[in-house]
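Next come the chains, spelled out residue by residue.
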Amino acid sequence: MPRSSELSDFEKGIIIGYHKCGRSLRDISRVLKYPKSTVAYVIKKWKVSGDCRNVPRVGRPTKLGDRDRRVLTREIRKNRTQPMALIREEFQQASGSIVSMNTIRKEAHLHGFHGRAAAHKPLITKSNRAVRMHGMGCKCPHPRVLQNIVNICVAAIYSIFESRKTTNAEERTSVESSSYIEWETKVDCFINLFVLICHFDDWRASMAEMLQPIPFHEDAISCRRFMSPFKEVVRRIVIDSRCNVHQTLISVREQKVGWFNLYSPAPENLVCDDDGDLWSVMLKAAVMLLQEAQVFADGGGVPGTTDAESAEERRGVPEGPVRFVGVQSYRRQRHPVADHHHTAKHQQWKKKALRHPV
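Here the structure is a predicted model, which is why all the values come from computation and not from measurement.

Q: Quick question: what am I supposed to make of the overall build of the protein here?
A: The helix and strand inventory of the protein stands at 20 helices and zero strands. In the protein, which comprises 358 residues, the proportion classed as buried is 28%. Considering only intrachain contacts with a sequence separation of at least 6, the fraction spanning at least 24 residues in the protein is 59%. Taken as a whole, the protein presents about 25800 Å² of accessible surface, with 56% of it coming from carbon and sulfur.

In structure tokens, the structure reads:
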């Protein structure tokens, strides 16, 4: 139990006065509302020493007791960001003790509460945050997340078109039907997920590989309501600078149909609603890819380098297969005189060792 503040000289004098009047310890404790042990201690000290005044000591007692410290800790933890002046006001209202700012600050430091300025951070926009988290140089720590999201979206779209295939034709053509509106909303939701994934550079390549065999329902491929908003996903894949990304728009095999064929501006193709705008972008990317491959096959060097750079890279490179040779064989091929000198020295040393054995 924490100790209370000591009695003043005046309060001790009142206790002595009651005692001289013949009052008992119990009556004095009940009237003055002091503990009986305190009353007995004051009377005993007066009888022994004849004086019950407080003796001066080194320093002064602390301003705050244990209870006040607990109250201060509780007030600080309510809101650690508020200024010290406001903490002082709330503490004085809760405890009733009048203290200074220095006392509050000192007690807060003793209990481990320190004022710290926040570190300065640059303004990060949404685009910069996305680049830092999903840039080309980044690698997602959870590779299974993308596969799960794509598989769920593909399965959901397949289920939607499969259920529409089994329903009546009148229900599918009725715009006022609630099922039709619900179908459009669901399709837009999953397409928006694909569009969101395409904005991430590290996920775009993996998603393009998963979408290359076109794993959607056959009715979804022939439906303009699905293929028209899905063009944004294909456009993001086309404008990617990596060859392994935009080459996924070509079909896997010759017999299969790829995204390049689905968005072609053919007269019988009802999916193309932009007069071949997206298809022209895809064709341009395919032509550039073929040109780079042809330049590389003709000996032009790495795609993207000039002829002068390629000539400098080829300069000094020996024709034919290159093989590594040992030190001795290299010496015999390039320096036969030095090799003969080394052999002669060895023979002289051997003869000298035979003449003068140890």
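Text resumes after the structure shown.
Q: Can you walk me through the pattern of salt bridges in this structure?
A: When their charged atoms lie close together, side chains carrying opposite charge are able to pair. Summed over all chains, the structure comprises 11 salt bridges. Salt-bridge contacts for D240 lead to R204; the nearest nitrogen and oxygen are separated by 2.4 Å. Of this pair, D240 sits in the loop between α14 (231-238) and α15 (243-246) while R204 sits in helix α11 (residues 201-211), placing them 36 residues apart in sequence. Using a relative accessible area of 6% as the deciding quantity, one classes R204 as buried. For D240, the salt bridge identified is with R242, shortest N-O distance 3.0 Å. Sharing partners across several salt bridges, the network here consists of D201, R204, D240 and R242.

Q: How should helix α4 (residues 66-78) be read in this particular structure?
A: Owing to its 3.6 residues per turn, the α-helix aligns residues three or four sequence positions apart on the same side. Compared with the 18 Å implied by 1.5 Å per residue over 13 residues, the 19 Å span of α4 between its first and last C-alpha is a close match. If you check which residues of α4 are buried, you get D68, R69, V71, L72, T73, E75 and I76. Buried-residue contacts for α4 involve α5 (84-95) and α6 (101-110).

Q: Mind showing me how you'd approach the packing of aromatic side chains here?
A: With the rule as written, the count across this model stands at 12 aromatic pairs. Seen in terms of ring centroids, F161 and W183 are 5.7 Å apart; in terms of plane orientation they differ by 85 degrees. Their pairing is edge-to-face. Taken together, the positions of F161 in helix α8 (residues 143-166) and W183 in helix α10 (residues 178-198) put the pair 22 residues apart, joining distant regions of the chain. Residue class for F161 comes out buried when judged on its relative accessible area of 2%. A relative accessible area of 6% places W183 in the buried class. Aromatic side chains F216 and W259 sit 6.2 Å apart centroid to centroid with 70 degrees between the ring planes, which places their arrangement in the edge-to-face category.

Q: Sorry, what's going on with the nonpolar core here?
A: For soluble globular proteins, the rule of thumb is that nonpolar side chains tend to be buried together. Counting 43 residues, the largest nonpolar core has F194, F216, F226, F230, W259 and Y263 as its most contacted members. Those elements giving two or more residues to this core turn out to be α8, α10, α11, α13 (224-227), α14, α16 (259-262) and α17 (277-297). Discounting residues that sit within four places of it in the chain, F230 has contacts with I191, F194, L211, F216, W259 and Y263.

Q: Can you help me understand the environment of S24 in this one?
A: Structurally, S24 is set in the loop between α1 (9-20) and α2 (25-32). For S24, a relative accessible area of 34% corresponds to the partly exposed category. When the C-alpha positions of S24 and V39 are compared, they lie 10.0 Å apart, and in sequence the two are 15 residues distant.

Q: Would you mind going over the confidence of the model for the protein with me for this structure?
A: When pLDDT is low, close inspection of the predicted coordinates is not appropriate. Mean pLDDT for the protein: 75, with 72% of residues reaching 70 or above. Put simply, helix α19 (residues 327-334) is where the protein has its lowest mean pLDDT, 39, and α2 is where it has its highest, 91. In the model, residues 175-179 has pLDDT below 50 throughout and makes three contacts with residues more than four positions away in sequence or in other chains. Scored below 50 in pLDDT, residues 301-342 shows 18 contacts in the model against residues more than four places distant or in partner chains.

Q: How should the layout of surface pockets be read in this particular structure?
A: To find the voids left in a structure, one rolls a probe of water-molecule size over its atoms. Here the second largest pocket is characterised by a volume of approximately 300 Å³. In terms of lining, the second largest pocket is formed by 15 residues, of which the most central are R80, M84, F113, H114 and G115. Sorting the residues of the lining of the second largest pocket by element identifies α5 and α6 as the ones contributing at least two each. The residue makeup of the lining of the second largest pocket, split by class, is six nonpolar, six polar and three charged.

Q: Help me understand the environment of K284, please; the structure alone is not making it clear to me.
A: Note on placement: K284 falls in helix α17. In the structure, K284 is positioned 46 residues away from V238 in sequence and 9.4 Å away in space, judged by C-alpha atoms.

Q: Whenever I open this one, empty space enclosed by the protein confuses me. Can you help?
A: Tallying each qualifying case throughout the model produces one cavity of 30 Å³ or more. Put simply, the largest cavity is a space of about 70 Å³. Surrounding the largest cavity, V238, H246, Q247, L249, I250, F260, M282, A285, A286 and L289 form its lining. At four residues, the largest contribution of residues to the lining of the largest cavity is made by α17. Classifying every residue of the lining of the largest cavity by side-chain character gives eight nonpolar, two polar and no charged.

Q: In this structure, what is going on with the packing of α11 against α14? I would like to understand it.
A: Between two packed helices, what matters for the description is the angle formed by their axes and the separation of those axes. As a packed pair, α11 and α14 sit with axes 11 Å apart at the nearest point and diverge in direction by 120 degrees. It follows from the interaxial angle that α11 and α14 lie oblique. α14 is crossed by α11, and the crossing has left-handed handedness. Within the contact between the two elements, α11 uses R204, M207, A208 and L211 and α14 uses V233, R236 and I237. Partitioned by chemical class, the residues of the contact of α11 with α14 number five nonpolar, no polar and two charged.

Thresholds, definitions, all that
Residues numbered from 1 in each chain as written. Predicted model: local features only at pLDDT ≥ 70, side-chain atom pairs only at ≥ 80, totals over all residues. Heavy atoms only, no water. Helix = DSSP H or I, 4+ residues; strand = E, 2+ residues; numbered from the N terminus. Buried < 20%, exposed > 50% of the residue type's maximum accessible area, 1.4 Å probe, protein only. Contact = heavy atoms within 4.5 Å. Areas by Shrake-Rupley, 256 points an atom, 1.4 Å probe, with all protein chains shown as cover. Salt bridge = Lys/Arg side-chain N within 4 Å of Asp/Glu carboxyl O. Expected span 1.5 Å × (residues − 1). Phe/Tyr/Trp six-rings, centres within 6.5 Å; stacked < 30°, edge-to-face > 60°. Core = buried A, V, L, I, M, F, W, Y, C linked by side-chain atoms within 4.5 Å. pLDDT = per-residue confidence, 0-100. 1 Å grid on protein atoms, 1.4 Å probe; cavity = no way out; pocket = protein on both sides within 12 Å on 5 of 7 lines; lining within 4 Å. Points joined across faces, edges and corners; volume = space filled by probe spheres on them. Nonpolar A, V, L, I, M, F, W, Y, C, P; charged D, E, K, R; others polar. Axes fitted to C-alpha atoms, helices over the stretch in contact; angles between N-to-C directions. Parallel < 35°, antiparallel > 145°, perpendicular 65-115°, else oblique. Left-handed = near helix turned anticlockwise from the far one by under 90°.

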